[in-house]
Each structure stands twice: as C-alpha cells, then as structure tokens.
Amino acid sequence: MSTDDCYINRPIKKTVQVLDSELRLRSLTNSSDCRFDELTNFFNIINGLFHQSAFTFGLSTDKLTSLLQLPRINVGINMQQYKLDLLKNITFYSLIGRNETNTPTGIIKFHTYDKNLMLSINHRWTESLTTAFRLRTKPQIKFSSHIEYHYPKGICELISEYETQQHSSNIQFSYFACLWQQMNYRIDGGIDFKVKNNNLKEKFADIGLRLKHSSDSLIFKCDLYHPFKNYIIGIQRCINENLTIGLLTEKVIDYDQQQKPIKFSFMSQWYLNKIDLRVNTLVNTQNEMGIALTHQIRHLPIVLQAFSLYSWSTHKYKWGIGLQLSL
C-alpha cells in the first residue's frame, strides 16, 4: 500500500468557509480526512452552526500573510446574548511562522470574555512527525504536549496534559487507520483512549468504524466500556455534488450517569453554486429545527452567515448573524 492509499478515490467535495465559536473560518465539506476525530465531521460542524453567539464579526489577514510573508492575525468580536460591551468579547488569534516549512510555528490566542490565553509552539520535524507544546489559562494553568505521527495507513497521536489548579494529569492516545480498501469501498477504524485524574485510574475510550463508498459513509462510534449505553450511528449520503444528507442516532449518558433518551437528527447540506450559498438544515427529536445560511461573496474576501433555531417544546427561538473579512 502506497503512502497515498488512505487518500485516493476521494469523493467530489464542495467546501465553504463558516465562522466557528472562536471567530475563525472553518472548512465545511462533504468529506472527512483520515483521522479519528473526523469520523463525525459532517454532523459535528452542522451541529456547531447552531451553538454560536447572536453576533460574530471577524477580521483575518490570510491573504496578506501569503502576499507579504507576515504572521497571520485574526481578530473577532463576539456579542453574547445581545451584550454590546465589545471590549469584553474580543478574540485575538495570531499565527507566527509558516506551516509549509520545518521551522517552528508559534500560535498566540487570547479571549477577553473568559480571560483565556493560549500559547503554542509547533514543530514539523518531517512530513510524518509533528510535535507541539501548549500553555493555557482558563482559569487554571494547563500544560500539554502533543506528538502526531502519520504513516502510510493512518495517523497516531499522543497527548499529555497537566493542570495546576486541580493537579490532575491526563494522557490521551488516538489511533486511526485505513483498515481495508478496494475500488471505491474503504473501511476506516480507530480508537481514542484517555486516562485522567491524579491517580490515573479514570479511563475513557471510544472506538469507531466508518464504511465509505464513494461519497457515502456509514459511521459507528461508541464507548468501549459502555457500548450499548453510549454510542453514535450516522449515515451520510451524497445525493449529488451539491446536496448531502445525514441521519444521526445518539445514545449518551450524561455526567450524572443518567441515561438520556435516544436522539435522532436529520441534517442536510445544500450548495447553490451559482450564487455561492450554503444551506444547512437540522431537525431532531429534541423538538428542535434550524436553518443556517452561509454566503461567500464572489470577488470579495467577505463571508456572511446567518442561522436560526427554534424549539417547539420549550418555545425558545435563537438566531444570529456573522461576518468575516479576510484580507
């Protein structure tokens, strides 16, 4: 199997840039990369569209970064629950260095709303091996190291964390690989294992499988210790180049170890390429229904986003708008 076996036979994919909760542009596609946390990428991003603040505004220097060889800077304003005190809701994000080289990459990120500061230094030693060191304060100081290794069939990650306020330690290991591939069929599998707390006795583990045929996929992800109490089953179907639909079944146990009813969600992603408009819809058995619109203005570095979510069981309505300018 060659080094590109896990990436061949890719489906046709459409990409749009959406604003996330940190006021950064994220790629929304109908395809997932070869790693464990992307098993449910389609469902996670659509769900995330409806959990943002009412107003989000961002300014990034991505285009100037490439043109002038400058650090990338992203500044955003996040008005939560219609609060107009802008100085308390600013996000500052700066990238120093270039990912295409083996030189270290430094990241500085600061949130004024929750006084969260993150410093990170990444180093790409080879095409396969990348290491990172991070320092975070929110509100406790947290140190973490990250080793990521790519090999022909997949990817391995080892993450260690230490928090000073609670003096807890976490160790996390993730493995994701292309297990089998023939023609347009592929089976991916992975495990995400985490040990936490002072005595390193509390263990968490998720396992996942994904069967892909061309642009379609069947996803199964569950808790290794409680597979019938905590699991996700997802079906993603690409009707054509512009329309993708998904059905997600979730059964989870909350932090109080109480079993919640099985949740069913139907999602769709519709791309109107003539006007560069992305339409995402969500309907679930928690009596919620939402729609999100993302429009990238042609010939202008501007992305507009609007969403609304209504719950007819609690009679609650949520809406929001976002704007991102990339220079």
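The structure reproduced in this document is the subject of the present report. Values in this document were obtained by computation on a predicted structure and should not be read as measured data.

**Side note on helix H1 (residues 41-49)**
Burial analysis of H1 places 7 of its 9 residues in the buried class, which makes it a mostly covered element. Residues Asn-41, Phe-42, Phe-43, Ile-45, Ile-46, Asn-47 and Leu-49 constitute the buried set of H1.

**Things to note about the packing of aromatic side chains**
For the structure shown, the criterion picks out 4 aromatic pairs. For the pair Phe-42 and Phe-43, a centre-to-centre distance of 5.4 Å together with 75 degrees between the ring planes defines the contact as edge-to-face. One exposure class covers both Phe-42 and Phe-43, and it is buried. Measuring from centroid to centroid gives 5.5 Å for Phe-55 and Trp-319, while their planes differ by 90 degrees, and the two rings are edge-to-face. Of this pair, Phe-55 sits in strand S3 (residues 55-60) while Trp-319 sits in strand S21 (residues 316-326), and the two are 264 residues apart along the sequence.

**Here we look at the nonpolar core**
Phe-43, Phe-50 and Met-267 are the most contacted members of the largest nonpolar core, which has 17 residues in total. Elements with a contribution of two residues or more to this core: H1 and strand S20 (302-311).

**A look at the side chain of Glu-250**
Residue position: Glu-250 is located in strand S16 (residues 243-251). Of the buried charged residues, Glu-250 lacks a salt bridge, with Lys-263 as the closest side chain of opposite charge at 4.0 Å. Residues contacting Glu-250, with those up to four places away along its chain left out, are Tyr-231, Ile-232, Pro-261, Ile-262, Lys-263 and Ser-265.

**Brief notes about the pairing of strand S14 (residues 216-223)**
With respect to burial, S14 is a largely interior element, 6 of its 8 residues being buried. Where strand S13 (residues 202-213) meets S14, 8 bridges bridge the pair, whose relative direction is antiparallel. Within S14, the residue paired with Arg-210 across the bridge is Ile-219. Turn length for the S13-S14 hairpin, with the two strands adjacent in sequence and antiparallel, is 2 residues, and the turn residue Ser-214 shows positive phi of about 55 degrees. Here S14 runs beside strand S15 (residues 231-238); their pairing, made up of 6 bridges, is antiparallel.

Parameters and conventions
Residues numbered from 1 in each chain as written. Predicted model: local features only at pLDDT ≥ 70, side-chain atom pairs only at ≥ 80, totals over all residues. Heavy atoms only, no water. Buried < 20%, exposed > 50% of the residue type's maximum accessible area, 1.4 Å probe, protein only. Helix = DSSP H or I, 4+ residues; strand = E, 2+ residues; numbered from the N terminus. Phe/Tyr/Trp six-rings, centres within 6.5 Å; stacked < 30°, edge-to-face > 60°. Core = buried A, V, L, I, M, F, W, Y, C linked by side-chain atoms within 4.5 Å. Lys, Arg positive; Asp, Glu negative; His and termini not counted. Salt bridge = Lys/Arg side-chain N within 4 Å of Asp/Glu carboxyl O. Contact = heavy atoms within 4.5 Å. Pairing = 2+ DSSP bridges.

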